[in-house]
Amino acid sequence: MAKFDYNIIVIGGGSAGLVSAYIASATKAKVALIEKNKMGGDCLNTGCIPSKALIRSAKILSYIKRHREFGIKSATAEFDFSEMMERVQTIIKKVETHDSVERYTSLGVNCFSGQAKVLSPHEVEVNGAILTAKSIIIATGAHPTIPSIQGLEKIDFLTSDNLWDIRELPKNLLIIGGGPIGSEFTQCFARLGSHVTQIEMLPNILTREDDEISQALRQQFSREGVDLHTNTTCKAIVSENKKQVMVFEKGGQELRIKFDKVLIAVGRTANSKGFGLENIGIKFDQYNRIIVDDYLRTTTHKNIYACGDVVGPYQFTHTAAHQAWYCAVNALFSPFKKFKVDYSTIPWCTFTNPEIARVGLNEKEATKQDIPYEVTRYRIDDLDRAIADGEDQGIIKVLTIPGRDRILGATIMSCEAGNLITEYVSAMKHGIGLNKILGTIHTYPTMAEANRFVAGNWKKNHAPKKLLKLAQKFHAWRRH
Ligand SMILES: Cc1cc2nc3c(=O)[nH]c(=O)nc-3n(C[C@H](O)[C@H](O)[C@H](O)COP(=O)(O)OP(=O)(O)OC[C@H]3O[C@@H](n4cnc5c(N)ncnc54)[C@H](O)[C@@H]3O)c2cc1C
């Protein structure tokens, strides 16, 4: 008789939960997956997929606007916002088969639709039934953080959760938050034709990136008609002449902006409370994230693991999937074999136009951490393919250890940066330096060549001066 019904119970059917369940079932473990809402979680239903689908429509409109640059005399676009939003839903429907109950059931996962409640370190209740397992993986994600702004609770505000229900384009859209999600939506809605005002409390948008990168994006937003206010705090929402007005403070001054809709994008709070974890003593940090050790085990119960947005420190689909592998493998094979989670080469990308992608350190972080570095740059306006495509804007910055061919990090601001960054992720993961990137044939003409050119710049800066002097003498001698 088995002591437990399952090897693993996974709570949450988003990126983290699905990958955990997939890996567990692929290794022939008995696994239950419990999802209370929609399979696929945020990424599929309200995050990556819908946002990228809408950004695509907005990008096409932006090209139509630039038609003259491409030698097209006249081009205008008529569109129905509601049709665009329906397209987003069609795309979700297309992708959702990957995350469906049918697919996971066919993989051998027992899927349950309902709210899970953790009763004890080995028992979970769903739909009135009690399931038992040797290990539990918590993958319950996060939800939009709602700041305390007086009057906000009285209006129908938007977040990334309910934005997908609107069918009318907001005329005057206020976006609160200058992080990746707020910035992607800012450009997207500005391109769709909303008048967008973006408000950020800090001195810049995308503050994790180097100032020159944030600054360049700021300039791009300004060219696209965005009203951006940094160092600005929202105070209250009031009604004036039947119009909604945001009262905010900037540099000691009180300002007011009228708006039709406000979109809150100030971060995401972990879904860690209200389903039993508090009752069994699981510990949380100041942001409500579950505290885990290097093996992604909760610090209080070594058989309870957690991954994805509910843990952080990164809130991306690919990091959720990365952590999920460690959770599933450690839960199934520990104590015989267990692996420490490796965050050394985590890439990310903000899907503005140009995109901003990074892996490893940038100058801001290296300086803060007192890590010596050299920086090598390559400007995208020099790249043949970028010029041909009208995408000749941006920069690549690669940080290396001074005097050594060891990459510490790379930032790319360019079209396709999200794809281009992968070369540095591979290089860093496998200990490859810029010399090897330079020695790799890159297809001409592609954006990817930019990676070779930045490596070329690094090589030029490290050219062996004495050897080259000798070579010069040798060639002179050969001419005699
Ligand atoms: C607008 C937006 C754009 C984004 N764009 C990108 C992007 O381009 N690239 C990228 O990498 N990331 C992006 N992200 C982030 C990405 O969506 C998340 O990091 C990722 O979805 C996290 O996966 P998760 O499995 O941890 O959580 P989730 O996807 O939130 O899944 C958690 C699931 O758990 C379920 N659940 C919670 N509690 C219970 C319970 N008690 N019982 C049963 N089920 C429960 C929830 O219903 C949910 O389905 C974006 C996010 C947003 C909001």
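Here the structure is shown first, and the text comes after it.
Because the structure is predicted, anything quoted here is derived from the model rather than measured. Chains are numbered independently. Their residues run from 1 in the order of the written sequence. In keeping with the predicted nature of the model, local features appear solely for residues at pLDDT of at least 70, side-chain atom pairs appear and are counted solely at 80 or more, and the whole-chain, interface and lining totals rest on all residues. By convention in this description, side-chain values take in all heavy atoms of the structure and omit both hydrogens and water.

Caption draft 1: Structural detail: the site of the ligand. Nearness of a residue to a molecule or strand requires only that one of the residue's heavy atoms be within 4 Å of it. Close to the ligand lie 38 residues; Ala16, Glu35, Asp42, Lys52 and Asp309 are nearest. Within the backbone of Thr317, an N or O atom sits 2.9 Å from an oxygen atom of the ligand. Two N or O atoms count as a polar contact when they lie within 3.5 Å, although within protein this holds only if one can serve as hydrogen donor and the other as acceptor, and sequence-adjacent residues are included solely when both atoms are side-chain atoms. In the environment of the ligand, an oxygen atom lies 3.4 Å from a nitrogen or oxygen atom belonging to the side chain of His318. Computed with the Shrake-Rupley method and a 1.4 Å probe, the accessible areas treat only the protein chains shown as cover for residues. Here the ligand has 1,000 Å² of accessible area as a free molecule, and 94% of this is covered by the chains. Taken together, the elements giving at least two residues each to the shell around the ligand come down to helix 1 (15–26), strand 2 (31–35), helix 2 (41–45), helix 3 (48–65), helix 6 (180–192) and helix 8 (317–333). Residue classes follow a fixed rule: Ala, Val, Leu, Ile, Met, Phe, Trp, Tyr, Cys and Pro count as nonpolar, while Asp, Glu, Lys and Arg count as charged, and any other residue, Gly among them, counts as polar. The residue inventory of the shell around the ligand, partitioned by class, reads 13 nonpolar, 18 polar and 7 charged. Secondary structure elements are defined from DSSP: runs of H or I of at least 4 residues count as helices, runs of E of at least 2 residues count as strands, and each element is numbered from the N terminus.

Caption draft 2: Region of interest: the sheet that holds strand 12 (residues 243–250). Note: two strands are recorded as paired if DSSP finds a minimum of 2 bridges between them. Read across the sheet, 3 strands follow the order 11-12-13 without closing on themselves; strand pairing throughout is antiparallel. Of all the strands in the sheet, the pair left with one neighbour each is strand 11 (232–240) and strand 13 (253–259). Strand-to-strand twist across the sheet, computed as the mean angle between neighbouring axes with direction ignored, equals 25°. Pairing between strand 11 and strand 12: 8 bridges, direction antiparallel. Residue pairing in the sheet places Thr233 in a bridge with Glu249 of strand 12. Throughout, an axis means a line fitted to C-alpha atoms (over the contacting stretch in the case of helices), and angles, computed between N-to-C directions, take values from 0 to 180 degrees.

Caption draft 3: Focus on the pattern of salt bridges. Salt bridges are counted wherever a side-chain nitrogen of Lys or Arg sits within 4 Å of a carboxyl oxygen of Asp or Glu. Under the counting rule described, the total for this entry stands at 23 salt bridges. Taking the shortest distance from any N to any O, the salt bridge between Lys235 and Glu249 comes out at 3.7 Å. With Lys235 in strand 11 and Glu249 in strand 12, the pair connects residues that are 14 residues apart, well separated along the chain. Relative accessibility under 20% of the residue-type maximum defines a buried residue, over 50% an exposed one, and the middle range a partly exposed one, all with a 1.4 Å probe and only protein chains included. The exposure class of Glu249 is partly exposed, given its relative accessible area of 34%. Taking the shortest distance from any N to any O, the salt bridge between Glu363 and Lys397 comes out at 2.9 Å.

Caption draft 4: Representation of helix 8 in the model. Given the number of residues in a helix, its expected span is that number minus one, multiplied by 1.5 Å. In a regular helix each residue adds 1.5 Å, so 17 residues correspond to 24 Å; helix 8 covers 24 Å between its end C-alpha atoms and thus fits that length. Among the residues of helix 8, Thr319, Ala320, Gln323, Ala324, Tyr326, Cys327, Ala328, Val329, Asn330, Ala331 and Leu332 are the ones counted as buried. Residue contacts are counted whenever heavy atoms from the two residues lie within 4.5 Å of one another. Check the buried side of helix 8 and you find it contacts strand 1 (6–11), helix 1, strand 6 (129–138) and strand 16 (304–306).

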